[in-house]
Amino acid sequence: MVGVHGFNGYVCPDRNAVDMAKLDKHFFDIGYMDTLSAQQTPIHQLDPRAKLITSLVFITTVISFGKYEISALIPYFVYPVFLGAMGNIPPVYLLKKLLLVSPFAVMIGIFNPLIDRDILISLGGIGISGGWVSFVSVLIRFTLTVGAALTLIAVTGFNAVCMALDKLGTPRVFVVQLIFLYRYVFVLVGEAARMVRARSLRTFEGGGSGIKTYGPLVGHLLLRTMDRAQRIYMAMCCRGFDGEIRILKPLRFGPREIGFTVGWSALFILMRIYNVPALMGSVIVGFIK
Amino acid sequence: MADALISPAVGGTMWAASAGLIGYCSKKVKDDMDDVTIPLMGVVGAFIFAAQMINFTIPGTGSSGHLGGGMILAILLGPYAGFLTMASVLVVQSLFFADGGLMALGCNIFNLGFFPCFIAYPFIFKYVVGTTLSEKRLFAAAIFSAIVGLQLGAFSVVLQTVFSGVTELPFDTFVLLMQPIHLAIGIVEGLATSAVVLFVWKARPEIINAVSTPAPVGNLSMRKVFIGFLAAAVVTGGVLSWFASSNPDGLEWSIFKTAGTDELGSSHKGVHTDLSNAQEKIALLPDYGFKSSNTELPAEAPISESVVDTGKTVSGLVGGALTLLLAGLLGFALKRRKKK
């Protein structure tokens, strides 16, 4: 039987096999982000609050630009590039992740060139419509904001972000929820991956992937999940859980953190007020003249 | 929703709304629930992630679907804990998979958490399920609530995008794009939710019973509230579409504009007529307000002096009407059930 399935799999690419490969990759991916965040670089050692606040200022300034803005957005790449370089994050990996999630922004943004056809810029006789300009602007915004969020988590780590949230006044119940969720994602995703693999290995050409199998499959996973919650709760009680959650917080917001946050935020605001590439361009043009 | 498409004002407002809801729900969960809820919420949140990796093929099509989350969380945990869990799932998704982004997180939590947990669950799921559980009722309740939850969420995405003004998509086009897509997604989501809920109910009925026993929300008044909410959405949709864009109906306008200038040769004209023909075939509402007067207008003239544009209003209403149709179907189903 195994041989037959293997043969089948080679002749026509089985959807289940593709599913399996994708699944494993997805699972591996969360773990990889975690590995990246466990490094020891000056950026990783900064207090997570500094990185969180700075990233939020970054995203707010980026999205506050007008919709036809392109040139003034370019200097903002300095922040994610700086974080990534200092934090030893592989750029190719980040770019791949960006491409993976780009379809939504591209899909909505692509309507701009179709709808807004007023000529905005003329470059050597070729008119470029406002729609194309704003579409490019949407793509740049997307790269900047998503890139910043991904680098933030890669140089900080999820638990540290949760602690920063806790220190910044997020309700404790929600912070604990985030920490719990993150801890058990690895366990349950592994379980789901094994279930899908088991299903693929026992079926042919997409059989058994209908809703009739789906209900019991996911239902069983859910029942096991709820039993697990019960066991976790009992284990917590055994260790003295009394309904109050305590988090150990060895965070310190020192001069380095203040410097990081204030310095970058000031730069973002300055770049918001002055269009750096335009200034540079006019200086160069003036110099040539 | 994505960061690239929203303005700080919209993003900030939705952040505030979602943060307020998280604060409120956290307080509720802390005060009302017993200790066991805390690990349960965490692990069930992780379950949503895991369940999203298990696909099923959609009958009749080649594609496959999976569980989204909001509705099943509300059914299993109740609205408050369900909302918190959905919010936590979205936080992790935005950070690790870059779904949406940090600024749009407020929008996403509101669209995918608030509507299933606080509208679809109490007003539709609980109402359809009633006091005595049965397989049929659970099935219908899961399907209807998932559809309505996603329709409202999609409509909310449209409003947030239009208010942000980063894209050129006019309100009506976007509504016509989003609502039908999310009708399909809602049906798939409903099927997945009902399959899981029914299985759990058969295997361990106490889990489903435990959540749905607290007295169902008062029947008639809640339906009125819900229909009132929809009516408000439709009215806002209809009115807002007048103001959605100062240069309305971009595609047709630009086609006319290019066709109206003298410099263009006849070869271009073919393309334009083809385009507008194609558009008429594609569009559900080809009868736009100012179309008939196109040929007389000079290229640079303002399109319409008045903001109120009947064609736009009509198409703007369609999005709301789709949702209203669902509500009507729901009311019909409810009435039939009552008579029995």
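The residue count restarts for each chain, going from 1 along the sequence in the order it is written. Whichever chain is written first becomes A and whichever ligand is written first becomes 1, with later ones labelled in order. Under the rules for a predicted model, residues below a pLDDT of 70 receive no local features and side-chain atom pairs below 80 are neither given nor counted, while totals for whole chains, interfaces and linings still include all residues. In computing side-chain values, all of the structure's heavy atoms are included and hydrogens and water are not.

Caption draft 1: Local environment of the overall build of chain A. Helical segments are the DSSP runs of H or I of at least four residues, strand segments are the runs of E of at least two, and each set is numbered from the N terminus. The number of helices and strands found in chain A is 14 helices and two strands. Categorising residues by exposure relies on relative accessible area from a 1.4 Å probe, with only protein chains included: less than 20% of the type maximum marks a residue as buried, more than 50% marks it as exposed, and the intermediate range marks it as partly exposed. Going through the 289 residues of chain A one by one, you find that 46% of them count as buried. Throughout, a contact is declared for two residues whenever any of their heavy atoms are within 4.5 Å. Long-range pairs, those at least 24 residues apart, make up 81% of the contacts in chain A between residues at least 6 apart in sequence. Only the protein chains shown count as cover for residues, and the accessible areas themselves come from Shrake-Rupley with a 1.4 Å probe. Roughly 14500 Å² of accessible area belongs to chain A as shown, and the carbon and sulfur atoms make up 69% of that amount.

Caption draft 2: Just the packing of helix H12 (residues 211-238) of chain A against helix H2 (residues 37-51) of chain B, in detail. Lines fitted to C-alpha atoms define the axes here, with helix axes fitted over just the stretch in contact, and angles between the N-to-C directions of these axes take values from 0 to 180 degrees. The N-to-C vectors of H12(A) and H2(B) enclose an angle of 150 degrees; their axes lie 9 Å apart at closest approach. Regarding the angle of H12(A) to H2(B), the classification is roughly antiparallel. Classified by chirality, the crossing of H2(B) by H12(A) is right-handed. The residues of H2(B) that touch H12(A), namely those facing Tyr214(A), Val218(A), Leu221(A), Leu222(A), Thr225(A), Met226(A), Arg228(A), Ala229(A), Ile232(A), Tyr233(A) and Met236(A), are Pro39(B), Leu40(B), Val43(B), Val44(B), Phe47(B), Ala50(B) and Ala51(B). Among the residues making up the contact of H12(A) with H2(B), the classes are represented as 16 nonpolar, one polar and one charged. Our angle categories are set so that under 35 degrees counts as roughly parallel, over 145 as roughly antiparallel, 65 to 115 as roughly perpendicular, and the remainder as oblique. In this scheme, a crossing is called left-handed if the near helix is turned counterclockwise away from the far one by less than a right angle; it is called right-handed if the turn is clockwise. All residues other than Ala, Val, Leu, Ile, Met, Phe, Trp, Tyr, Cys, Pro, Asp, Glu, Lys and Arg, Gly among them, are scored as polar; the first ten of these are nonpolar and the last four charged.

Caption draft 3: Summary view of helix H6 (residues 135-164) of chain B. All names here are of chain B. The end-to-end C-alpha distance of H6 is 43 Å, a good match for the 44 Å that 30 residues give at a rise of 1.5 Å each. For H6, the tally of buried residues reaches 21 of 30 residues, placing the bulk of the element in the interior. Positive phi appears at Gly-165, one or two residues downstream of H6, with a value of about 70 degrees. A helix's residues, less one, multiplied by 1.5 Å, set its expected span.

Caption draft 4: Expanded view of the packing of aromatic side chains. Residue and element names in this part refer to chain A. We call Phe, Tyr and Trp rings a pair once their centres come within 6.5 Å, taking the six-membered ring for Trp, and we label the pair stacked below 30 degrees between planes, edge-to-face above 60, and tilted otherwise. Tallied over the entire structure, the rule returns 25 aromatic pairs over all chains. Taking the centre distance of 5.2 Å and the plane angle of 85 degrees together, the rings of Tyr-79 and Phe-268 count as edge-to-face. On the criterion of sequence distance, the pair formed by Tyr-79 in helix H5 (residues 78-86) and Phe-268 in helix H13 (residues 255-273) is long-range, its members being 189 residues apart. Grouping aromatic residues by their ring pairs yields a cluster made of Phe-58, Phe-65, Tyr-76, Tyr-79, Phe-82, Phe-260, Trp-264 and Phe-268.

Caption draft 5: How the structure looks around the confidence of the model for chain B. All names here are of chain B. Note: pLDDT gives the predictor's confidence per residue, expressed from 0 to 100. Summing up the model confidence of chain B, the mean pLDDT is 68 and the portion of residues at 70 or higher is 59%. Counting interchain partners and residues more than four positions distant, the pLDDT-below-50 stretch residues 214-223 has twelve contacts. Here residues 234-328 is modelled with pLDDT under 50, and outside its nearest four sequence neighbours on either side it reaches 94 contacts, counting other chains as well. The ipTM value of the predicted complex is 0.75, and its pTM value is 0.69.

Caption draft 6: Summary view of the pattern of salt bridges. Residue and element names in this part refer to chain A. One side-chain nitrogen of Lys or Arg within 4 Å of one carboxyl oxygen of Asp or Glu is enough to make a salt bridge. Applying the stated rule across the entire model yields seven salt bridges over all chains. Notably, a salt bridge pairs Arg-49 with Asp-47, separated by 2.8 Å at the nearest N-O pair. Each member of the pair Arg-49 and Asp-47 is classed as buried. Arg-172 is paired through a salt bridge with Asp-166; the nearest N and O atoms lie 2.7 Å apart. Where salt bridges share partners, they join Glu-191, Arg-224 and Arg-228 into one cluster.

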